[in-house]
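Listed below are the residues making up each chain.
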Amino acid sequence: MVTLPAPFPAARLRRMRAAPSRRRLVREHALCADDLIWPIFVQEGDAETPIPSMPGVARLSVDGAVRAAETAAELGIPAICLFPSVDPALKTEDCAEAWNPGNLSNRAIRAIKAAVPQIAVMTDVALDPYNINGHDGFVVDGRILNDETVAALVRMTLAQAEAGADIIGPSDMMDGRIGAMRGALEDAGHKDVAILSYAAKYASGFYGPFRDAVGASGRLVGDKATYQMDPGNSDEALRLAARDMAEGADMVMVKPGMPYLDICRRVKTELQVPTFAYQVSGEYAMLKGAAQNGWLDGASVMMESLLCFKRAGCDGILTYFAPEAARTLAAEARAGG
């Protein structure tokens, strides 16, 4: 229930906006580096390859990923999330490279944990980086198979856990995968490995630059509407998040972020579970592109866009802005807010 203020002029609501110190005293939501997870892309070789559709973001070598993790630690960012750009020669219909202990992702996990053990390493669990069809699951006669895919995802999960992953991020949207993964992790002794489930992942048009980054553009046959969520649905997101928590997820995610802030709020308010949002590649590219063209103040809209997730109830945000935002927050702290 909203308490109405006293009549004007007894109540001058601008009083508490009159100076930075007062605004800080009554600020309801704040962003800090602890709220951030930094997604990074890894590739084979020693080079760093800029991604044109994601200004300021590049595919990194394994050594470059280690340096990124060191930067994250210096900036107070608690976690990074790895996405591989897989050699096209390794993309097959059986996706066997996904659970190869020596694949690109698993080598990057080991290298990062050896060099920066305090950083939490989150991984992606889905078959699309390894699938010649570009889908998150096995494809037979144009259909994405659920149960067979789940069995493969379990193998992928265990390989990542063995490599030292701290947080498993299932992004596939197959039914029953969280329970299967949690059971397998427990049985294999990986009892402390957390699961951040992509519980409400929508079939969105905002993923295009990401597909460029991982080399999936042009490979996808059809679309992902049979397993990713319909953008018109809200109640379904609650059912999916509740189911994943019941099956053993530790945290849930809404993806994309800004177009689905209402879903973030509903998940946090109605389920009261650790809730994350992914500010996806298309969101990042729009803001970066507009800033580069001088249409927006880049630093201002970056921070405003991240704060909106906190206001919507999110506990954390996956964002490509993570290092830039952490530096901005540190500079603001040095300047006194």
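Quick note: structure is the one above.
Here the structure is a predicted model, which is why all the values come from computation and not from measurement. (Residues numbered from 1 in each chain as written. Predicted model: local features only at pLDDT ≥ 70, side-chain atom pairs only at ≥ 80, totals over all residues. Heavy atoms only, no water.)

Draft legend 1. Here's a closer look at the overall build of the protein chain. Secondary structure assignment for the protein chain yields eleven helices and twelve strands. In terms of overall dimensions, the protein chain is globule-like: its C-alpha atoms have a radius of gyration of 21 Å, near the 20 Å expected for 337 residues. Here the C-alpha coordinates of the protein chain stretch approximately 70 × 45 × 40 Å along the principal axes. Per-residue burial over the protein chain gives 52% buried out of 337 residues. Of all intrachain contacts in the protein chain linking residues separated by at least 6 positions in sequence, the fraction that spans at least 24 positions is 76%. (Helix = DSSP H or I, 4+ residues; strand = E, 2+ residues; numbered from the N terminus. Rg over C-alpha atoms; globule rule 2.2 N^0.38 Å. Buried < 20%, exposed > 50% of the residue type's maximum accessible area, 1.4 Å probe, protein only. Contact = heavy atoms within 4.5 Å.)

Draft legend 2. Quick look at a nonpolar patch on the surface. A contiguous nonpolar surface patch, about 300 Å² in accessible area, is contributed by Met16, Leu25 and Val26. Relative to the helices and strands, Val26 resides in helix α1 (residues 20-26). Judged by its relative accessible area of 44%, Val26 is partly exposed. (Patch = residues over 30% accessible without salt bridge, like charges linked within 9 Å, V, L, I, M, F, W, Y side chains within 5 Å. Areas by Shrake-Rupley, 256 points an atom, 1.4 Å probe, with all protein chains shown as cover. Salt bridge = Lys/Arg side-chain N within 4 Å of Asp/Glu carboxyl O.)

Draft legend 3. Representation of the side chain of Asp124 within the structure. Topologically, Asp124 is positioned in strand β5 (residues 120-125). Summary of buried charges: Asp124 has no salt-bridge partner, and the nearest side chain of opposite charge, Lys201, is 6.0 Å away. Among the polar contacts made by the side chain of Asp124, one reaches the side chain of Ser171 at a distance of 2.6 Å. Here Asp124 is in contact with Leu82, Phe83, Pro129, Met156, Gln160, Gly169, Ser171 and Tyr198, once residues within four sequence places are set aside. (Lys, Arg positive; Asp, Glu negative; His and termini not counted. Polar contact = N/O pair within 3.5 Å; in protein donor to acceptor, adjacent residues only side chain to side chain.)

Draft legend 4. A look at the packing of aromatic side chains. In total, this model carries ten aromatic pairs according to the counting rule given. With a centroid separation of 4.7 Å and 55° between ring planes, the pair formed by Tyr284 and Phe321 is classed as tilted. With Tyr284 in helix α9 (residues 281-292) and Phe321 in the loop between β12 (316-319) and α11 (322-334), this pair connects stretches of sequence that are 37 residues apart. One Lys or Arg, Lys255, reaches over the ring of Tyr207 and ends 5.0 Å from the middle of that ring. The ring of Phe210 is capped by Lys255, whose NZ or CZ atom sits 5.5 Å from the centre of that ring. (Phe/Tyr/Trp six-rings, centres within 6.5 Å; stacked < 30°, edge-to-face > 60°. Lys NZ or Arg CZ within 6 Å of the ring centre and 35° of its normal.)

Draft legend 5. Representation of unusual backbone geometry in the model. The amide bond that connects Phe8 to the next residue, Pro9, takes the cis arrangement and shows omega of 10°. With respect to the helices and strands, Pro9 occurs in the segment before α1. In this structure, Pro256 follows Lys255 across a cis peptide bond, with omega equal to -5°. Within the secondary structure, Pro256 is located in the loop between β10 (251-255) and α8 (261-271). The phi angle at Asp141 is positive, at roughly 55°, despite the residue not being glycine.

Draft legend 6. Structural detail: the pattern of salt bridges. Taken as a whole, this structure holds 16 salt bridges when the rule is applied. The salt bridge partner of Asp244 is Arg177, with a shortest N-O separation of 3.2 Å. Of this pair, Asp244 sits in helix α7 (residues 235-247) while Arg177 sits in helix α5 (residues 177-187), and the two are 67 residues apart along the sequence. Judged by relative accessible area, which is 0%, Asp244 ranks as buried. We classify Arg177 as buried; its relative accessible area is 1%.

Draft legend 7. Representation of the packing of helix α2 (residues 62-75) against helix α3 (residues 104-115) within the structure. For the pair α2 and α3, the least separation of the axes is 9 Å and the interaxial angle reads 40°. Relative to α3, α2 is oriented oblique. The chirality of how α2 crosses α3 is right-handed. Contacts from Val62, Ala65, Val66, Ala69 and Glu70 of α2 reach α3 at Leu104, Arg107, Ala108, Ala111, Ile112 and Ala115. Per-class residue counts for the contact of α2 with α3 are nine nonpolar, no polar and two charged. (Axes fitted to C-alpha atoms, helices over the stretch in contact; angles between N-to-C directions. Parallel < 35°, antiparallel > 145°, perpendicular 65-115°, else oblique. Left-handed = near helix turned anticlockwise from the far one by under 90°. Nonpolar A, V, L, I, M, F, W, Y, C, P; charged D, E, K, R; others polar.)

Draft legend 8. Representation of α2. Along its 14 residues, α2 runs 20 Å from first to last C-alpha, staying within 8% of the 20 Å computed at 1.5 Å per residue. Considered for burial, the residues of α2 that qualify are Val62, Gly64, Ala65, Val66, Ala68, Ala69 and Ala72. Against β1 (36-42), β3 (58-60), β4 (79-84) and α3 lie the buried residues of α2. (Expected span 1.5 Å × (residues − 1).)

Draft legend 9. Up close: the pairing of strand β11 (residues 275-279). Along β11, five of the five residues are buried, which leaves the element largely enclosed by surrounding structure. With burial as the criterion, each face of β11 is covered, one bearing Thr275, Ala277 and Gln279 and the other bearing Phe276 and Tyr278. Alignment of β10 against β11, held across three bridges, turns out to be parallel. Within β11, the residue paired with Met253 across the bridge is Phe276. Bridge analysis of β11 against β12 gives four bridges, and the strand direction is parallel. When the bridges of β12 are listed, Ala277 appears paired with Ile317. (Pairing = 2+ DSSP bridges.)

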